[in-house]
Amino acid sequence: MPSHLSGRTILVTGATSGIGYETARQLAERGATVLLHGRTPDEAQAAADRLITTAGINGPSLRPFAADFAHLDEVESLAYAVVREHPHLDVLVNNAAIAAPERHTVTADGNEIAFQVNFLAHYLLTNLLEPALTSDPGGRVVNVSSSLHRTATIMWNDPQRLRRYSRLAAYAQSQLALTVFAADPRVTAVSVNPGICDTGLLPLYGNEGAPAAEGAQHVVRLCDADTEIVNGAYYDRSEHVTPAAAATDDRTIKRLNKLADLLVGHTA
């Protein structure tokens, strides 16, 4: 299928398994240079090797990068390494996500782990990549969100959920924050719910999911310069739908930016 992906440079976070891995594969197959992010250098390299051997991807079109999103200093190092090596980045796919653990877990940075890995790390990464993210038509950020954002509330007085913790509520909060962030006027961004897929996150949703490759198709479509997007739009698979009301509320967007800046120790 013809597409405007060849010659594009795209960073996919969480590209070592699930939807991220399948997104990286489909993008590379369609001619993009894919910066493949994994938690460790070994995991990122192993995913690149697997794509070369099993999907016949051309080695030079894959570039492994590593950062553990539970450590914000590693996110900073990742951003600087990307900007140094790829000063022109067409698309950033914010896909890395973990299911919130059963027990309340706080990172070394002092944040509830799902809120940090799924949202704060991506917030920081996006802001630090701004010099590289192209303003050319078609340049964009694609946040991989979830239908569970609709069930969520951001606990403004207790975003770390120290007082009341439930793994589902913590995960949903991180997905709502990511969806709100797509409506931030500072970036050209959209969010997409790829549908319930058979990945490591499946237990949060139920027992059965579509193949990860199917979910990835909806992400890849939004990376294509031919796909016109509305800034801040939310897609349920391939359909442009209205997200939760909070996701497009100006006050919520400003409030979340303020909170995120505080928690990542950066001013935007």
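That block above? That's the structure.
Because the structure is a prediction, the values reported are computed rather than measured.

## What to know about the nonpolar core
Counting residues in each nonpolar core, the largest one holds 55 residues, and the members touching the most others are Leu11, Phe69, Val82, Leu89, Phe119, Leu125 and Leu129. Secondary structure elements with two or more residues in this core: helix 3 (72-85), helix 4 (113-128), helix 5 (167-181) and helix 7 (250-264). Beyond its immediate stretch of four places on either side in the chain, Leu89 contacts Thr9, Ile10, Leu11, Leu35, Val82, Leu129, Ala132, Leu133 and Thr134. Judged by nonpolar contacts, the second largest core, of 32 residues, contains Ala32, Val190, Cys197 and Cys223.

## So, the environment of Ala183
Its place among the elements puts Ala183 in the loop between helix 5 and strand 6 (189-193). Along the chain, Ala183 and Asp249 lie 66 residues apart, while their C-alpha atoms are 8.7 Å from each other. If sequence neighbours within four positions are ignored, Ala183 has contacts with Gly232, Ala247 and Ile253.

## Thoughts on helix 4
Of all the bends found along helix 4, the most pronounced is centred on Leu120 and spans about 35°. Across the 16 residues that make up helix 4, a large majority, 16, are buried.

## With respect to the packing of aromatic side chains
As enumerated under the stated definition, the model contains five aromatic pairs in all. Ring geometry for Phe119 versus Tyr123: centroids 5.8 Å apart, planes at 55°, classification tilted. Taken together, the positions of Phe119 and Tyr123, both in helix 4 and four residues apart, correspond to about one turn of that helix. On the accessibility criterion, Tyr123 (0% relative accessible area) is buried. Among the aromatic residues, those joined into a ring-pair cluster are Phe115, Phe119, Tyr123 and Phe181. Taking NZ or CZ as reference, Arg50 lies 4.1 Å from the ring centre of Tyr21, over its face. Above the plane of the ring of Phe65 lies Arg63, whose end atom (NZ or CZ) is 4.6 Å from the centre.

## Digging into the pattern of salt bridges
Applying the stated criterion to the full structure yields eight salt bridges. Residue Arg25 pairs with Glu22 through a salt bridge whose shortest N-O separation is 2.6 Å. Separated by three residues within a single helix, Arg25 and Glu22 lie in helix 1 (residues 18-29), roughly one turn from each other. Summarising the burial analysis for this pair, Arg25 and Glu22 share the class buried. Salt bridges sharing partners connect three or more residues here, namely Glu22, Arg25 and Glu29.

## Some remarks on the pairing of strand 5 (residues 140-144)
The buried count for strand 5 comes to five of five residues, which makes it a mostly enclosed element. Here strand 5 shows a buried face lined by Arg140, Val142 and Val144 and a second buried face lined by Val141 and Asn143. Strand direction decides the pairing type here: strand 4 (residues 91-94) and strand 5, joined by four bridges, are parallel. Each residue of the ladder has a partner; that of Asn94, found in strand 5, is Asn143. Judged from the four bridges that link them, strand 5 and strand 6 form a sheet pairing that is parallel.

## A word on the packing of helix 1 against helix 2 (residues 41-54)
Two elements in contact, helix 1 and helix 2, have axes separated by 11 Å at closest approach and are oriented at 50°. In this view, helix 1 runs oblique relative to helix 2, as classed from their interaxial angle. Between helix 1 and helix 2 lies a crossing whose hand is right-handed. The residues of helix 2 that touch helix 1, namely those facing Tyr21, Ala24 and Arg25, are Ala47, Arg50, Leu51 and Thr54. Its residues placed into classes, the contact of helix 1 with helix 2 shows four nonpolar, one polar and two charged.

## A short note on the environment of Leu263
Summarising the element assignment, Leu263 is placed in helix 7. With 139 residues separating them along the chain, Leu263 and Leu124 place their C-alpha atoms 9.8 Å apart. If near-sequence neighbours (up to four positions away) are discounted, Leu263 is found in contact with Leu72, Asn111, Phe115, Leu120 and Gln160.

## Quick look at the side chain of Ser174
In this fold, Ser174 is placed in helix 5. Of the residues examined, Ser174 reaches a relative accessible area of 0% and is grouped as buried. Setting aside residues no more than four positions away along its own chain, Ser174 makes contact with Ala114, Phe115, Asn118 and Phe119.

Here is what the cut-offs are and how they apply
Residues numbered from 1 in each chain as written. Predicted model: local features only at pLDDT ≥ 70, side-chain atom pairs only at ≥ 80, totals over all residues. Heavy atoms only, no water. Core = buried A, V, L, I, M, F, W, Y, C linked by side-chain atoms within 4.5 Å. Buried < 20%, exposed > 50% of the residue type's maximum accessible area, 1.4 Å probe, protein only. Helix = DSSP H or I, 4+ residues; strand = E, 2+ residues; numbered from the N terminus. Contact = heavy atoms within 4.5 Å. Bend = angle between axes of the 7 residues up to and from the residue. Phe/Tyr/Trp six-rings, centres within 6.5 Å; stacked < 30°, edge-to-face > 60°. Lys NZ or Arg CZ within 6 Å of the ring centre and 35° of its normal. Salt bridge = Lys/Arg side-chain N within 4 Å of Asp/Glu carboxyl O. Pairing = 2+ DSSP bridges. Axes fitted to C-alpha atoms, helices over the stretch in contact; angles between N-to-C directions. Parallel < 35°, antiparallel > 145°, perpendicular 65-115°, else oblique. Left-handed = near helix turned anticlockwise from the far one by under 90°. Nonpolar A, V, L, I, M, F, W, Y, C, P; charged D, E, K, R; others polar.

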